[in-house]
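Letter by letter, the chains look like this.
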Amino acid sequence: MKPNILTIPASAAFAETLARGLIARLNADCDPLALSRATIYLPTRRATRMLAESFARLLGGAALLPDIRPLGDVDEDDFLFDPYSENLDLPPAIQPVRRQLLLAILVQRWDITRRGGKLTFAQAAALARGLAKFLDEAETQSADLSKLESLAPDTMAEHWAEVKDFLQLLRDQWPGLLEAEKAMNRAAHRNASLAALARRLAERPPTGPVIAAGSTGSIPATAQLLGTIARLPEGAVVLPGLDRELDEESWAELDPGHPQYGMKQLLERIGSAREDVRDWAALPVTHARETLLRETLRPAPTTDAWRALADRGAGDIAQGLEGLSLVEAAHPGEEAAAIALMLREVLETPARTAALVTPDRNLARRVATELRRWNIEIDDSAGRPLSHTPPGTFLCLLAEAADAQFAPVPLLALLKHPFAAGGVTQAEFRRHVRQLDRFCLRGPKPDAGLDGITKAILRASAEARSEDERKIIGELNSWFAEIAKILKPLEKLFGRREIAVTDAIAMHAGVAENLAADATDSNRLWRGDAGEAAATLIAEISEAAADLPNIDASSYGALFRELAAERAIRPAYGRHPRLAILGPLEARLQSFDLVVLSGLNEGTWPPAAATDAWLSRPMRKALGLEQPERAIGLAAHDFATLAAAPRVVLTRALKTEGSPTIASRWLQRLTQLTKGLKLDAMLAPETSYAALAAIMDEPQAPKGRIKRPAPRPPVADRPRRLSVTEIETWLRDPYAIYAKHILKLRPLDPLDAEIGPPERGSAIHRALERFIGQYPNALPDDAELELIAAIENVFRELGTPAATMALWMPRFIHAARYFLDIERKRRTDIVRSHIEMRGERKFAGPSGEFRLVCRADRLDELRSGGVAIVDYKTGKPPTGKQVNALLSPQMPLEGAILLEGGFAPLGKRTPEELLYIHFAGKKEPVECLRIDCDAAELSKEAAENLARRIAEFDDEAMPYISRVMVEKARAPGDYDHLARVREWSLTGWEESEE
């Protein structure tokens, strides 16, 4: 029997045209029961809902609709279950989670046998996902895996031989596992179901019409079913957008990347010629856009036909360009904003509809976010990965924090999540987490585990700077003890080398529920669509792993995130009645007043024809697998169908992550064709959406640069006490003093800070303090051993990691010899050394007393009666020029304090020497650098300068200006972001430096 094949052109609204045609064929306008005799198969569940809505809209009253069922297509999770089919008696399809875990175990066993066990379970699970995808592809296309043995002969590279051996897991071991599971692969189950339906329809045809519409037949089993339906007495197959006008030469030259290649392949499988295909319904002649797309996408060998277009005139092409425009944005953010503007504009006209169609899910999320600025909620129909939803993110963070032994960064990421509450009010919990972050976890990484966090809290309490701070940390300690009780079971479980997945998932869910419980709701983690999906995933993992061997504990977090990322949360219904965000497959059969096709760059749409991870092209051909370009052909068909709508905007970003992009091959063809015909100007949109998007978020700032900040706080609020080290900051960057002492802002240390020069310098200072303090008058005979012992003790007290000690200790031992040589030479002139001595000097200012304070590294009483002021430096010390110019006035100011008896045990003394003992010097590991100056006179001058500066800033008109006299123009300060330096400075920092 000759197959009954029809088509609906791409420019027609598919669902509405299909519904109108069937109503006319069955005379349903007069007979309300006529439609109920028909059975219609569509590619997706979304398409079935859309066709039902079209029938209801066209009939406008009560009527029994056809039996509309989803066939299932390449990217669908729903398979065919036909109530009229015979009892198939098929084993159930294996659950995806169970399949991935079983395949991961196979991969690990193979790895142990072949490579000695280098893969973690998480890595094996990632490979298992690739194997599962290959298995689905092989079964979908009925590939012969028995040919694997001959794919990689001995003369071929060892890599291919290993791949062949790896893929043979699917041929040799996987079938036995499936049999033990009493299950089938999902692709095989779908193929068997479709084949059974085809047999049933052929043997016992229904009494009413049977129509398969909208499918491209890309799955061979689907194509077989379509062939069966096309030959039924009342059967018909309605193809979407078959091009019957393409010339025969081009039809013969179609390659897998052409939009019509799938249609040609389907017709060949069904056994029908293109000329035998008829129109489903008579439609008004509106073929101009289809002509444009046909010429744009025609096969490369026949593009010489473009010359004929130029010769005979381009009327059809120009007409096809009407309603089609191209928007090129600078970057994806601008592209998303431009699309949001287009969609928002549609809402200005009542009843108009619009859809964004893109395979780029990141772009889709950007557009949805942009629309929220107008309070427009719109869902991406592809849904969101569970791992991107609040419950999924919370569960992933918990698993990863446990895997990281609750290190500060993952712990804070977990505790700052909105779901974390710990049984108290969320406001109280957030306050404690901020305090934990601010007071306890900044700086070098604490010891591993929850006990390490507790020790960090106790250490912060001991080092608290005020009684209020100590009280806050005390409350924090009690709060964290309760949080640790919740998390401790998970920490204990993850402390094992291997764990059972069932134990891990149960403990994971229980701890997550307890941590998420707030003062009023203990089950809030599992509420809503995402919460229910998270609970379902946990149940599926628990069931799937029930009898599986243990896995390495470090793999659990990565495994859970991977499984959560594969679970899509789709909205139960769209949030907006007139706007939609769709993937190409979902949009294929729908129609809108405006269609925005976005992400039109190579690698996105169409996707890259990536090299197969397992097989070369000849190997794929030998197995009977299609080439990667087939996916490009399917994408091209979606593009051509969607671009045929009356009003279409094409968009792309010129750069992504700073790198130039390559326009989609379809856009390149379109621009080449229109430029050759001098019609490219017609692609420009009437409204410059990209330009509007670019300026939409620009701040409306005054022309030119802003003025440098110059705050003038009341004199009463200005600091009356500064340290000698802060005086240099006051000279170079007064704004930093304003921010620190008046605004009370202090920069936070980074989390998990690397132990580096500041910590090394602090340790050396503390070790020298102990050593000199123990031997202030004379050095012991074993001075070198004593000094080395002192630094070792300090390193241990500070919790310096063994790896860091192994790097630092040899350097310090080498430097100790040089330091002691310098010390022995200087000791002949020293009566006694004083370490870390506190000093203070008071200055009379116009607005009252001003106190200068310090804590001198070292003051040496000399036999001459004077005092040497010594400063230890592990970083670069100031130059003699800077000290004499009083740009680095620390030691001269310490001398000024000494002159006035500010160091109480010494009384009034004269500074005789200013010197730096520099560790890690240029020539030697330790250098003694004397400042060439009259120390007493320089100290007096420093005191006079400070008195003048105090007087200047006791005048309220004197501002605290940012970066007055910076040492290095490119060296940023702690408060530059607050001073908005990049906004008022020519280069982001001052051009001049000393």
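**Regarding the overall build of the protein chain**
(1) Moving on: Scanning the protein chain from N- to C-terminus turns up 36 helices and 23 strands.
(2) Moving on: What you see for the protein chain is a C-alpha radius of gyration of 38 Å, clearly larger than the 30 Å of a compact globule of 994 residues, by over 25%.
(3) Moving on: Projecting the C-alpha coordinates of the protein chain onto the three principal axes gives extents of approximately 120 × 65 × 65 Å.
(4) Moving on: Expressed as a percentage of its 994 residues, the buried residues of the protein chain come to 52%.
(5) Moving on: When contacts within the protein chain are restricted to residue pairs at least 6 apart in sequence, those whose partners lie at least 24 apart make up 76%.
(6) Moving on: When the accessible surface of the protein chain is summed, it comes to about 46,200 Å², and 50% of that surface belongs to carbon and sulfur atoms.
(7) Moving on: Distance from the positive charge centre (127 side chains) to the negative charge centre (141 side chains) of the protein chain: 2 Å.

**With respect to the nonpolar core**
Looking at soluble globular proteins, one finds that nonpolar side chains tend to be buried together.
(1) Moving on: Ranked by size, the top nonpolar core spans 103 residues in total, and within it Leu-436, Phe-480 and Phe-560 carry the most contacts.
(2) Moving on: With 11 residues, the single largest contributor to this core is helix H19 (residues 467–494).
(3) Moving on: Those residues in contact with Leu-436, other than ones at most four positions away along the chain, are Leu-412, Leu-415, Leu-441, Ile-453, Ile-457, Leu-476, Trp-479 and Phe-480.
(4) Moving on: Core analysis: the next-biggest nonpolar cluster, separate from the first, contains 43 residues, Ile-727, Phe-843, Ala-942 and Val-981 among them.

**Side note on a positive patch on the surface**
(1) Moving on: Positive charge collects at one region of the surface, where Arg-438, Arg-465, Lys-744 and Arg-746 lie side by side.
(2) Moving on: Tracing the sequence through the fold places Lys-744 in the loop between helix H29 (734–742) and helix H30 (757–774).
(3) Moving on: Judged by relative accessible area, which is 63%, Lys-744 ranks as exposed.

**Topic: the packing of helix H31 (residues 783–797) against helix H32 (residues 802–827)**
(1) Moving on: Contact pair H31 / H32: the axes reach a minimum separation of 10 Å and the direction vectors enclose 140°. As far as their axial angle goes, H32 and H31 are oblique. Between H31 and H32 the crossing geometry is right-handed. Mapping the contact onto sequence places Ala-783, Glu-784, Leu-787, Ile-788, Ile-791, Glu-792 and Phe-795 in H31 and Met-805, Trp-808, Met-809, Phe-812, Ile-813, Ala-816, Arg-817, Phe-819, Leu-820 and Arg-824 in H32.
(2) Moving on: Looking at the contact of H31 with H32 residue by residue, the class counts come to 13 nonpolar, no polar and four charged.

**Digging into helix H35 (residues 935–953)**
(1) Moving on: For H35, which comprises 19 residues, the first-to-last C-alpha distance of 27 Å matches the rise-based estimate of 27 Å (1.5 Å per residue) to within 8%.
(2) Moving on: Here H35 has its buried residues at Ala-935, Ala-936, Leu-938, Ser-939, Ala-942, Ala-943, Leu-946, Arg-949, Ile-950 and Phe-953. Down the axis of H35, the buried set is contained in an arc of 160°. They therefore lie on one face.

**Observations concerning the pattern of salt bridges**
(1) Moving on: Overall, the coordinates contain 55 salt bridges when judged by the stated rule.
(2) Moving on: Among the ionic pairs, Arg-244 bridges to Asp-279, the shortest N-O distance being 2.4 Å. Here the residue Arg-244 occupies a position in the loop between strand E5 (235–240) and helix H8 (248–252), and Asp-279 occupies one in strand E6 (residues 278–279), the gap between them amounting to 35 residues.
(3) Moving on: Where Lys-740 meets Glu-726, a salt bridge forms, and the shortest distance between an N and an O atom there is 2.8 Å. Within this pair, whereas Lys-740 is found in helix H29, its partner Glu-726 is found in helix H28 (residues 724–732), the two being separated by 14 residues in sequence.
(4) Moving on: In this structure Glu-726 comes out as buried when scored by relative accessible area, which is 11%.

**Examining H30**
(1) Moving on: Between its first and last C-alpha atoms H30 spans 25 Å; for 18 residues at 1.5 Å apiece the expected length is 26 Å, and the two agree.
(2) Moving on: Three or more residues of H30 are buried, namely Gly-761, Ala-763, Ile-764, Ala-767, Leu-768, Phe-771 and Ile-772. Buried residues of H30, seen end-on, are gathered within an arc of 160° and therefore sit on one face of the element. Exposed residues lying more than 90 degrees from the buried face of H30 are Pro-758 and Gln-774.

**As for a nonpolar patch on the surface**
(1) Moving on: A cluster of nonpolar side chains, namely Leu-743, Leu-745 and Leu-978, defines an oily patch on the protein surface of about 210 Å² accessible area.
(2) Moving on: By secondary structure assignment, the location of Leu-745 is in the loop between H29 and H30.

**A few points about the sheet that holds strand E3 (residues 67–70)**
(1) Moving on: Spatial ordering of the open sheet is given by E3-E2-E4-E5-E1-E6, a layout of six strands whose pairing is parallel. On the outer flanks of this sheet lie E3 and E6, each paired with one strand and no other.

**Thoughts on the pairing of E5**
(1) Moving on: Of all the six residues making up E5, six are buried; the element is thus mostly covered by neighbouring parts of the structure.
(2) Moving on: Here E5 shows no split at all, with Gly-235, Val-237 and Leu-239 on one side and Ala-236, Val-238 and Pro-240 on the other all buried.
(3) Moving on: Two elements, strand E1 (residues 5–8) and E5, share four bridges in a ladder whose sense is parallel. By the bridge assignment, Ile-8 is partnered in E5 with Pro-240.
(4) Moving on: For strand E4 (residues 210–213) and E5, the ladder comprises four bridges, and the chain directions are parallel. Bridge pairing in E5 places Val-210 opposite Gly-235.
(5) Moving on: Traced from E4 through helix H7 (residues 220–230) to E5, the parallel crossover comes out right-handed.

**Section: the confidence of the model for the protein chain**
(1) Moving on: Of all residues in the protein chain, 94% have pLDDT values of 70 or greater, and the mean over the chain is 88.
(2) Moving on: In the model, residues 73–87 has pLDDT below 50 throughout and makes 40 contacts with residues more than four positions away in sequence or in other chains.
(3) Moving on: Every residue in residues 987–994 is under pLDDT 50, and counting partners more than four places away or in other chains gives 31 contacts.

**A few points about the sheet that holds strand E14 (residues 594–597)**
(1) Moving on: Pairing in this open sheet of five strands is parallel, and the strands run E7-E15-E14-E8-E13 from one edge to the other. A single partner strand is all that each edge strand has here, and the edge strands are strand E7 (324–329) and strand E13 (579–582). For this sheet, the mean inter-axis angle between neighbouring strands, taken without regard to orientation, is 20°.
(2) Moving on: Taken together, the three bridges between E14 and strand E15 (residues 648–653) define a ladder with parallel strand orientation. Looking at the pairing, Val-596 lines up with Val-649 of E15.
(3) Moving on: Lying over the sheet, helix H13 (residues 332–346) contacts E7, strand E8 (354–357), E13, E14 and E15, oriented at roughly 160° with respect to E15.
(4) Moving on: Running at roughly 150° to E14, helix H25 (residues 629–643) makes contact with E8, E14 and E15 of the sheet.

**Examining the environment of Leu-148**
(1) Moving on: Positionally, Leu-148 belongs in the loop between helix H4 (121–140) and helix H5 (158–181).
(2) Moving on: By relative accessible area, Leu-148 is classed as buried at 0%.
(3) Moving on: Linking Leu-148 and Gln-168, residues 20 residues apart in sequence, is a C-alpha distance of 7.0 Å.
(4) Moving on: Excluding residues within four positions of it along the chain, Leu-148 makes contact with Lys-164, Leu-167, Gln-168, Arg-171 and Leu-623.

**Some thoughts on the packing of aromatic side chains**
(1) Moving on: The tally for this structure, following the rule as stated, stands at 18 aromatic pairs.
(2) Moving on: A ring pair is formed by Trp-605 and Phe-639, whose centres lie 6.2 Å apart and whose planes are at 90°; its orientation type is edge-to-face. With Trp-605 in the loop between E14 and helix H24 (617–623) and Phe-639 in helix H25, the pair connects residues that are 34 residues apart, well separated along the chain.
(3) Moving on: Look at Phe-639 and you get buried, because its relative accessible area is 4%.
(4) Moving on: Through a chain of ring-to-ring contacts, three or more aromatic side chains come together here, namely Trp-730, Tyr-735, Tyr-738, Phe-850, Phe-953 and Tyr-960.
(5) Moving on: One cation-aromatic arrangement involves Arg-25 over Trp-280; the distance from NZ or CZ to the ring centre is 3.9 Å.

**Some points on the packing of H28 against H29**
(1) Moving on: At a closest axis distance of 5 Å, the pairing of H28 and H29 adopts a crossing angle of 120°. Taken together, the axis directions place H28 and H29 in an arrangement best described as oblique. Within the contact between the two elements, H28 uses Glu-726, Thr-729, Trp-730, Leu-731 and Arg-732 and H29 uses Pro-734, Ala-736, Ile-737, Lys-740 and His-741.
(2) Moving on: Classifying every residue of the contact of H28 with H29 gives five nonpolar, two polar and three charged.

**Concerning the side chain of Asp-638**
(1) Moving on: Counting through the fold element by element, Asp-638 comes out in helix H25.
(2) Moving on: For Asp-638, the residues in contact, after removing those within four places along its chain, are Pro-584, Leu-585 and Arg-588.

**Points about unusual backbone geometry**
The bulk of non-glycine residues show a negative phi, and the bulk of peptide bonds are trans.
(1) Moving on: Cis geometry marks the peptide bond from Trp-605 to Pro-606; its omega dihedral reads 10°.
(2) Moving on: Backbone geometry at Gln-405 places phi at a positive 60°, although glycine is not the residue there.
(3) Moving on: The topology assignment puts Gln-405 in the loop between helix H15 (390–403) and helix H16 (408–415).
(4) Moving on: For Gln-405, a relative accessible area of 48% puts it in the partly exposed group.
(5) Moving on: Of note, Lys-744 is a non-glycine position whose phi angle comes to about 60°, a positive value.

Conventions adopted
Residues numbered from 1 in each chain as written. Predicted model: local features only at pLDDT ≥ 70, side-chain atom pairs only at ≥ 80, totals over all residues. Heavy atoms only, no water. Helix = DSSP H or I, 4+ residues; strand = E, 2+ residues; numbered from the N terminus. Rg over C-alpha atoms; globule rule 2.2 N^0.38 Å. Buried < 20%, exposed > 50% of the residue type's maximum accessible area, 1.4 Å probe, protein only. Contact = heavy atoms within 4.5 Å. Areas by Shrake-Rupley, 256 points an atom, 1.4 Å probe, with all protein chains shown as cover. Lys, Arg positive; Asp, Glu negative; His and termini not counted. Charge placed at Lys NZ, Arg CZ, Asp CG, Glu CD. Core = buried A, V, L, I, M, F, W, Y, C linked by side-chain atoms within 4.5 Å. Patch = residues over 30% accessible without salt bridge, like charges linked within 9 Å, V, L, I, M, F, W, Y side chains within 5 Å. Salt bridge = Lys/Arg side-chain N within 4 Å of Asp/Glu carboxyl O. Axes fitted to C-alpha atoms, helices over the stretch in contact; angles between N-to-C directions. Parallel < 35°, antiparallel > 145°, perpendicular 65-115°, else oblique. Left-handed = near helix turned anticlockwise from the far one by under 90°. Nonpolar A, V, L, I, M, F, W, Y, C, P; charged D, E, K, R; others polar. Expected span 1.5 Å × (residues − 1). Arc of directions from axis to C-beta. Pairing = 2+ DSSP bridges. Right-handed = clockwise from strand over helix to strand, strands pointing away. pLDDT = per-residue confidence, 0-100. Phe/Tyr/Trp six-rings, centres within 6.5 Å; stacked < 30°, edge-to-face > 60°. Lys NZ or Arg CZ within 6 Å of the ring centre and 35° of its normal.

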